[in-house]
Number of protein chains: 2
Amino acid sequence: MDKNVLKFSDLKTTKRRMAILAVLENSALPMTAEEIYSRVINDVHMSLSTAYRTLGTLSEKGILLKNLSQDGKTYYQMNSHQHKHHLVCTLCNSTVPIDDCPLSKIEENLIQQTGFTITGHSLEFSGICPKCSKHSSDAGFND
Amino acid sequence: MDKNVLKFSDLKTTKRRMAILAVLENSALPMTAEEIYSRVINDVHMSLSTAYRTLGTLSEKGILLKNLSQDGKTYYQMNSHQHKHHLVCTLCNSTVPIDDCPLSKIEENLIQQTGFTITGHSLEFSGICPKCSKHSSDAGFND
DNA sequence: TTTTATGCAAAAGATTTGCACAGTA
DNA sequence: TACTGTGCAAATCTTTTGCATAAAA
């Protein structure tokens with residue numbers, strides 16, 4: 001399964017690539033290179049630069065989606081047909097996936113208005129999650 | 001006018017802060033710290049770290065909006081009531097502002113579904129601008 | 001055997017920080 | 001004068017790169 005993904009993109013099948021794909025396939029949320037790296041090295045030896053190189057390659061081939069988040073880190077996720085955006089708590093970093101991507105209609109308009117070919121978009125909401133806002137109001141009441 | 005903005009946020013009025021605000025007020029597009037810095041130093045002496053510190057402070061106070069873009073750089077713009085999103089060409093970096101922000105309805109739904117307080121969002125479209133796509137097809141036809 | 005992937009260490013780029021001095025209120 | 005802002009240089013953090021070696025086709 002994974003092997004085919006790699007072969008199909010003219011990439012050699014290696015332990016490290018398989019391991020990185022396995023980690024991302026089992027993750028519900030996008031992960032940073034560091035996060036992916038530190039999980040993978042539980043199973044196979046690998047250098048951090050290989051993690052970066054592999055993630056870069058897989059993103060170029062369209063196997064992964066690469067996204068710079070407002071927290072300054074780069075997140076990677078499987079490029080499944082149905083991509084997801086997220087709502088991130090600026091206090092505790094808890095993250096909620098957003099089910100439907102509402103941008104396709106908007107993109108159609110943009111194409112007509114600007115003549116651009118649109119190849120992607122990034123969308124991220126930030127806010128305060130219920131737990132954190134509870135805690136802050138607790139604190140406010142010295143409770 | 002600017003002086004009031006600074007006083008209102010308990011910030012001292014300095015030449016450098018005024019200069020940075022002036023640059024951003026006269027810019028139709030968000031700018032990076034480097035871009036702002038290199039314009040400002042035409043008028044007043046200033047170090048790059050002051051530029052970063054000032055931009056950070058003004059963003060914290062809500063006078064500026066700070067945004068990490070998919071190109072890996074951080075962009076700043078005046079926090080006017082009506083913020084803008086952009087469509088950026090991945091080849092030549094030309095940028096088109098998008099007039100209306102279509103996310104408020106979506107945010108309302110999210111608030112109900114997740115219980116988050118939503119404090120902001122980032123949205124950026126990427127694509128190929130008409131010029132660049134013309135050039136690439138020219139190249140394709142060896143023209 | 002030829003091509004591609006990897007490790008290691010060093011480099012790069014953007015941003016932040018410590019500390020002494022200068023400027024504003 | 002008291003407090004805040006600024007310059008400079010060094011530090012930090014994430015990501016990239018050069019080059020020699022190892023692994024895949």
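Note that the structure is a prediction, hence the values are computed from the model and not measured. (Residues numbered from 1 in each chain as written. Chains lettered and ligands numbered in written order. Predicted model: local features only at pLDDT ≥ 70, side-chain atom pairs only at ≥ 80, totals over all residues. Heavy atoms only, no water.)

Enquirer: Go over the pairing of strand 4 (residues 85–89) of chain A, please, and point to the residues and values.
Expert: Residues and elements named next belong to chain A. Taking burial as the measure, the five residues of strand 4 include five buried ones, the bulk of the element. Burial along strand 4 is two-sided: His85, Leu87 and Cys89 and His86 and Val88, pointing in opposite directions, are all buried. Looking at chain direction, strand 4 and strand 6 (residues 117–128) are connected through four bridges and run parallel. Counted as the bridge partner of Cys89 is Gly127 from strand 6. (Buried < 20%, exposed > 50% of the residue type's maximum accessible area, 1.4 Å probe, protein only. Helix = DSSP H or I, 4+ residues; strand = E, 2+ residues; numbered from the N terminus. Pairing = 2+ DSSP bridges.)

Enquirer: Could you give me a rundown of the domain arrangement of chain A, with the residues and numbers involved?
Expert: All names here are of chain A. For chain A, the assigned domains are domain 1 (1–79) and domain 2 (81–143). Listed by partner, the interface residues are eight residues for domain 1 and nine residues for domain 2. Both sides together, the interface formed by domain 1 and domain 2 hides about 580 Å², and carbon and sulfur atoms give 49% of it. Viewed at the interface, domain 2 and domain 1 are joined by zero salt bridges. In this structure, the connection of domain 1 to domain 2 is made through two residue pairs in polar contact (both at pLDDT 80 or more). Residues of the side of domain 1 that touches domain 2, tallied by class, amount to three nonpolar, five polar and no charged. (Domains from an automatic or database assignment. Contact = heavy atoms within 4.5 Å. Buried area = accessible area lost by both parts, 1.4 Å probe. Salt bridge = Lys/Arg side-chain N within 4 Å of Asp/Glu carboxyl O. Polar contact = N/O pair within 3.5 Å; in protein donor to acceptor, adjacent residues only side chain to side chain. Nonpolar A, V, L, I, M, F, W, Y, C, P; charged D, E, K, R; others polar.)

Enquirer: Account for the interface of chain A and chain B, naming residues and giving values.
Expert: In this assembly, 34 residues from chain A lie in contact with 34 residues from chain B. Interface area, chain A with chain B, both sides summed: about 2800 Å², of which 68% is carbon and sulfur. For the chain A face of the interface with chain B, the top three residues by lost area are Gln70(A), Phe116(A) and Phe125(A), together amounting to 24%. On the surface where chain A and chain B come into contact, there are zero salt bridges. Counting across the interface, chain A meets chain B through six residue pairs in polar contact (both at pLDDT 80 or more). In terms of residue class, the side of chain A that touches chain B is made up of 17 nonpolar, 14 polar and three charged. Pairing between strand 6 of chain A and strand 6 (residues 117–128) of chain B: eleven bridges, direction antiparallel. Pairing of Ser126(A) across the sheet is with Gly120(B), part of strand 6 of chain B.

Enquirer: Got a sec to walk through the relation of the copies chain A and chain B? Specific residues and values, please.
Expert: After a rotation of 180° and a shift along the axis of 0.0 Å, chain A superposes on chain B with an RMSD of 0.1 Å. Put plainly, the chains are arranged around a two-fold axis. For chain A, the smallest separation between a C-alpha atom and the rotation axis is recorded for Leu123(A), amounting to 2.2 Å. Comparing contact sets, 100% of the residues at the interface of chain A also lie at the interface in chain B, consistent with an isologous, same-surface contact. (Least-squares fit on C-alpha atoms with pLDDT ≥ 70 in both.)

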